[in-house]
Amino acid sequence: MREMTKQFLEAAFAGESMAHMKYLIFAEEAENKGLLKLSKLFKAIAYAEYVHAKNHFKVLKKLSDDMKDNVQSCIDGETFEIEEMYPVYKNAAEFQDEKDAIRSTHFALEAEKIHADMYKKAKELVEKGEDYPAEKIYICPVCGYTVEDEAPEKCPVCGAPKDEFVEF
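The structure presented is a predicted model; accordingly, all values stated were derived computationally and were not measured. (Residues numbered from 1 in each chain as written. Predicted model: local features only at pLDDT ≥ 70, side-chain atom pairs only at ≥ 80, totals over all residues. Heavy atoms only, no water.)

Undergrad: I'd like a description of the overall build of the protein, backed by residues and values.
TA: Summing up its helical and strand segments, the protein has 4 helices and 3 strands in all. Along the protein, helices and strands appear, N-terminal first, in the series α-α-α-α-β-β-β. Counting every position in the protein, which comprises 168 residues, the buried fraction comes to 26%. Of the charged side chains in the protein, 23 are positive and 34 negative; the average position of the first set lies 5 Å away from that of the second. (Helix = DSSP H or I, 4+ residues; strand = E, 2+ residues; numbered from the N terminus. Buried < 20%, exposed > 50% of the residue type's maximum accessible area, 1.4 Å probe, protein only. Lys, Arg positive; Asp, Glu negative; His and termini not counted. Charge placed at Lys NZ, Arg CZ, Asp CG, Glu CD.)

Shown next as structure tokens:
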């Protein structure tokens, strides 16, 4: 693929990905306000944006037939966020005394550490031809803290109660 086309598709992938997430956030807010049909509209168009992003992702050849490569891509992304991105973002937020941004980047950094470990475990299992063993995964809806099998009584990162965790 020629470089300009590649850059444009990567920008399109990023834009479609952001639109997908933004529309899901709007859908959740609309649902919380009782606007269920508006929420449905946001969710439907979010899915269309996901389809666009997935198509661009495939054309960019970022999806491997080998699951080890896909998991390694996740490890690489999480490691970048842990070692470079979030420490720098948090440092800038601290320097500028942006308390909400400090909290947001701290929450993300702590969750990404767990995610990296989970993906490393997943890669070892995939290399042995095995599936991931956790029956359930719980996510804190406030900070993203992630845990297998059972949610803690209280989130160790943000203090959210167990009954707020989302089960997968």
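So that's the structure; there's more coming.
Undergrad: Mind laying out the packing of aromatic side chains, listing which residues take part and the relevant values?
TA: Per the stated rule, a full pass over the model turns up 5 aromatic pairs. On the numbers, 6.1 Å between centres and 85° between planes, the contact of tyrosine 86 with tyrosine 89 is edge-to-face. Residue tyrosine 86 and its partner tyrosine 89 are located together in helix 3 (residues 67-95), separated by 3 residues, close to a single helical turn. For tyrosine 86, a relative accessible area of 16% translates into the label buried. Relative accessible area serves as the criterion here: at 47%, tyrosine 89 is assigned to the partly exposed category. Taken together, a centroid distance of 6.4 Å and an interplanar angle of 85° make the contact between tyrosine 145 and phenylalanine 165 edge-to-face. In this pair, tyrosine 145 sits in the loop between strand 1 (137-139) and strand 2 (146-148) while phenylalanine 165 sits in the loop between strand 2 and strand 3 (166-167), placing the two residues 20 residues apart along the sequence. (Phe/Tyr/Trp six-rings, centres within 6.5 Å; stacked < 30°, edge-to-face > 60°.)

Undergrad: Can you break down a nonpolar patch on the surface residue by residue, with the values?
TA: A cluster of nonpolar residues, Met21, Leu24, Ile25 and Phe26, forms a patch on the protein surface that exposes about 360 Å² of accessible area. Along the chain, methionine 21 falls in helix 1 (residues 3-32). Residue methionine 21 is classed as partly exposed on the basis of its relative accessible area of 45%. (Patch = residues over 30% accessible without salt bridge, like charges linked within 9 Å, V, L, I, M, F, W, Y side chains within 5 Å. Areas by Shrake-Rupley, 256 points an atom, 1.4 Å probe, with all protein chains shown as cover. Salt bridge = Lys/Arg side-chain N within 4 Å of Asp/Glu carboxyl O.)

Undergrad: Give a detailed account of the packing of helix 3 against helix 4 (residues 99-127), specifying residues and quantitative values.
TA: Packed helices, taken two at a time, are described by their axes: the angle between them and the distance between them. In contact at an axis separation of 8 Å, helix 3 and helix 4 are set at 160° when each is read in the N-to-C sense. By the angle between their axes, helix 3 is roughly antiparallel relative to helix 4. In this structure, the crossing between helix 3 and helix 4 has a hand that is left-handed. Its residues assigned to classes, the contact of helix 3 with helix 4 shows 17 nonpolar, 4 polar and 10 charged. (Axes fitted to C-alpha atoms, helices over the stretch in contact; angles between N-to-C directions. Parallel < 35°, antiparallel > 145°, perpendicular 65-115°, else oblique. Left-handed = near helix turned anticlockwise from the far one by under 90°. Nonpolar A, V, L, I, M, F, W, Y, C, P; charged D, E, K, R; others polar.)

Undergrad: Give me the lowdown on the side chain of histidine 56, citing residues and values where you can.
TA: As for its position among the elements, histidine 56 is in helix 2 (residues 36-59). Judged by relative accessible area, histidine 56 falls into the buried class, the value being 19%. Non-local contacts of histidine 56, meaning those with residues more than four positions away in its chain, are made with Leu9, Ala12, Phe13 and Glu16. (Contact = heavy atoms within 4.5 Å.)

Undergrad: Could you give an account of unusual backbone geometry, naming the residues involved and the relevant values?
TA: For lysine 61, which is not glycine, the phi torsion reads 60° and is therefore positive. Among the secondary structure elements, lysine 61 is positioned in the loop between helix 2 and helix 3. You will see that aspartate 149, though not glycine, has its phi angle at about 70°, which is positive. You can see aspartate 149 is positioned in the loop between strand 2 and strand 3.

So far we have only geometry, and geometry alone does not tell us how the molecule works.
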